[in-house]
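Each chain is listed here by its residues.
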Amino acid sequence: MTAQDSDADALPRVSARIYRQNAFRVTGLPLSSTGRDIRRKADMLAVIEKTGGQIPTSDILPLRPAPSAGDVRAALDRLGDPRQRLVDEFFWFWPAESGAARDEGIAALAAGDPDGALRHWTAAAVSGTGAAPGDADTPGDADTSGEPAAPSEPAAPSEPVAPSEPVAPSEPVAAGDAASAVHNIAVLEHLRALEVEMGAEGEQPDWVSVYRRWGHVLHDDRVWDSLVARIRRTADARLDVGLARRIRAALPGALLSIGAEIVVAAIGDGDDDRAERQLTAMRAAQLGDGAREALGTALRAAGEPWADQVGELCEEAVRLATDTRAAGLDQAAHILDHSAGPLARLDRMLAPDDSTRVRTHDKVALDALRCLLLFDQARDTSDASAARDHPRMIEVITRAERAAASEAVRGRLAENREILDKASVRLTCWICHEKPADPGAAITRWMHGDVVRAVRELRWNKVEVTVPRCRSCQRGERGRGWLAALRCALYFVVAISLPTMLFTSAGGGYIFLAVLVAFFALIVDLNVVVGSAGRRQREHIDLFPPIVELREKGWRNGERPLGVGGA
């Protein structure tokens, strides 16, 4: 890798399977393996494949299920590339550098005791600094990379990682051993958390602690001095010591991209609590000044497949609407229906003002509007068809307006919705608000306004407002009129016949009295029943938007002002 490589290129292959694909874990080779050791392992693999023997597994955290021959061969190939090997070394356990014949932490891992390894490394980290691992104020060896070190910031004190408190050795350990311990604690906690996320048995991972451990690594210069020393020991011209700085700069983004992958998997599984726990830990992670930007980048990259899915959905719908414009309304609804799921998942991950989220929401809204406009150009413009289509068009454009994320797009959709609302008012029965209006059943009302009073004349304007009504409501009104007439006739029939039958010899006195009662009943009926219904209808007609607009401008009911020519 050259000095011109970007920071992002330093960790090009990072995913939630990073430890399951780690070349040292897959092959079982130690970090000190030479090219000869790698070739010997490859030769042994070839013999095993021919004889049908069982491939040996790693002593340290062996994979379950065991890796295949193809997995081992791919891992050996990675070890042959010095840059890929360095990445795998960084995400694996560093042995003590003090020359001890046995690393107690790695020995505990090989014995199946990860908690014992954590106790040992915690004690070594504390003893090597006199403070918690990751304390940025602890002086370390000078940075020998030849490039400025990443900015340091104080880290929170370390917490116990095992059931029992670690006991620091009586003698302080070397700085290199302490650096390895700080690094190994982070790797082990990260590995165990990822194993549980991918289905292994274990307690719910404490991702806040995992990110805190990596924060200790990022802020401890001794760790990066050790990485520089490892690069120098390789004596490979393809590696330069500046690679350590670039890995340090790329590490926050790499860690957060793994977290984003977990969030995506949790949301896809419908496990909102798991996704929220991971998001909360990622947002609280103290991974340096660029962590916030790295978090946004990681979440956007993880959510890109959902954004692409929405984009493909919209493009296909627009294509179909362009080919068959009469299908535009159906395609607009199709976009809104099938984009709801991906949009909801993006909303869970991304901030409201995130560019990917805003762009995707606006694309859904604008492409739905585009399909509607294509439909509007080809639809049947007859009153019956328009009355049928307009309510659905209004519903679709209202949904598109809610889906939009930017004010500009929402404003554009609102303008189109208002146009549809105004047109829909004249196409739907104003009485029942359900059925298409029938021109032959419309109600007309004259209004006058713009009255100008001169010395000898009075001028005004008048307009006839047509209130849409359907045939069914017209028949209902006529039916109420006939029913009222029938009741009136019934009053008088009863008033005449009842006294005649009851008082046959009493003459017309009782009949007159009964007719008088019937007349009063008629008056009450006309005022209470018929009059009340008429008043309600007139009040409802007064709410017709064109009439309301005229009233707001000062217009009044009638063809002419009061007191003029028979008004």
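Everything numeric in this text was worked out from a predicted model, so none of it was measured. (Residues numbered from 1 in each chain as written. Predicted model: local features only at pLDDT ≥ 70, side-chain atom pairs only at ≥ 80, totals over all residues. Heavy atoms only, no water.)

Enquirer: Hey, could you go over the side chain of Gln331 for me, with residue numbers and the actual values?
Expert: Relative to the helices and strands, Gln331 is located in helix H13 (residues 328–349). We classify Gln331 as buried; its relative accessible area is 14%. (Helix = DSSP H or I, 4+ residues; strand = E, 2+ residues; numbered from the N terminus. Buried < 20%, exposed > 50% of the residue type's maximum accessible area, 1.4 Å probe, protein only.)

Enquirer: Summarise helix H10 (residues 242–268); cite the residues concerned and give the values.
Expert: When the terminal C-alpha atoms of H10 are compared, their 39 Å separation across 27 residues agrees well with the 39 Å that a helix rising 1.5 Å per residue should span. By the criterion of burial, H10 is predominantly enclosed, with 19 of the 27 residues buried. (Expected span 1.5 Å × (residues − 1).)

Enquirer: Kindly report on the pairing of strand E1 (residues 443–453), identifying the contributing residues and their values.
Expert: With 9 bridges connecting them, E1 and strand E2 (residues 458–467) associate as antiparallel partners. The residue of E2 that forms the bridge with Arg453 is Leu458. Taking the residues that link successive antiparallel strands as the turn, the E1-E2 hairpin has 4 residues. Bridge analysis of E1 against strand E3 (residues 556–557) gives 2 bridges, and the strand direction is antiparallel. Looking across to E3, one finds that Met447 is bridged to Asn557. (Pairing = 2+ DSSP bridges.)

Enquirer: Before we move on, could you go through a positive patch on the surface and cite the residues and values that matter?
Expert: On the surface, Arg480, Arg535, Arg536 and Arg538 cluster together into a patch of positive charge. Per-element accounting of the positive patch gives the leading share, 3 residues, to helix H18 (residues 509–542). Take Arg538: it is sitting in helix H18. Given a relative accessible area of 46%, Arg538 falls into the partly exposed group. (Patch = residues over 30% accessible without salt bridge, like charges linked within 9 Å, V, L, I, M, F, W, Y side chains within 5 Å. Areas by Shrake-Rupley, 256 points an atom, 1.4 Å probe, with all protein chains shown as cover. Salt bridge = Lys/Arg side-chain N within 4 Å of Asp/Glu carboxyl O. Lys, Arg positive; Asp, Glu negative; His and termini not counted. Charge placed at Lys NZ, Arg CZ, Asp CG, Glu CD.)

Enquirer: Account for the packing of aromatic side chains, naming residues and giving values.
Expert: Under the definition given, this model contains 9 aromatic pairs. Ring geometry for Phe90 versus Trp94: centroids 6.2 Å apart, planes at 70°, classification edge-to-face. Both residues of the pair, Phe90 and Trp94, count as buried. These aromatic residues form a ring-pair network of at least three members: Tyr19, Phe90, Phe91, Trp94, Trp214 and Trp224. The ring centre of Trp446 lies 5.0 Å from the NZ or CZ of Lys462, which sits over that ring. (Phe/Tyr/Trp six-rings, centres within 6.5 Å; stacked < 30°, edge-to-face > 60°. Lys NZ or Arg CZ within 6 Å of the ring centre and 35° of its normal.)

Enquirer: So what about unusual backbone geometry? Which residues, and what values?
Expert: Cis geometry is found at the peptide bond from Arg64 to Pro65, where omega equals 0°. Mapping Pro65 onto the fold places it in the loop between helix H2 (35–51) and helix H3 (69–79). Positive phi values are uncommon outside glycine, yet Ala235 reaches one of about 50°. Here Ala235 lies in the loop between helix H9 (221–234) and H10. Classification of Ala235 as exposed rests on a relative accessible area of 68%. Not every positive phi belongs to a glycine, and Asp450 is a case in point at roughly 55°. Here Asp450 shows up in strand E1.

Everything listed here is a matter of geometry and, on its own, says nothing about what the molecule does.
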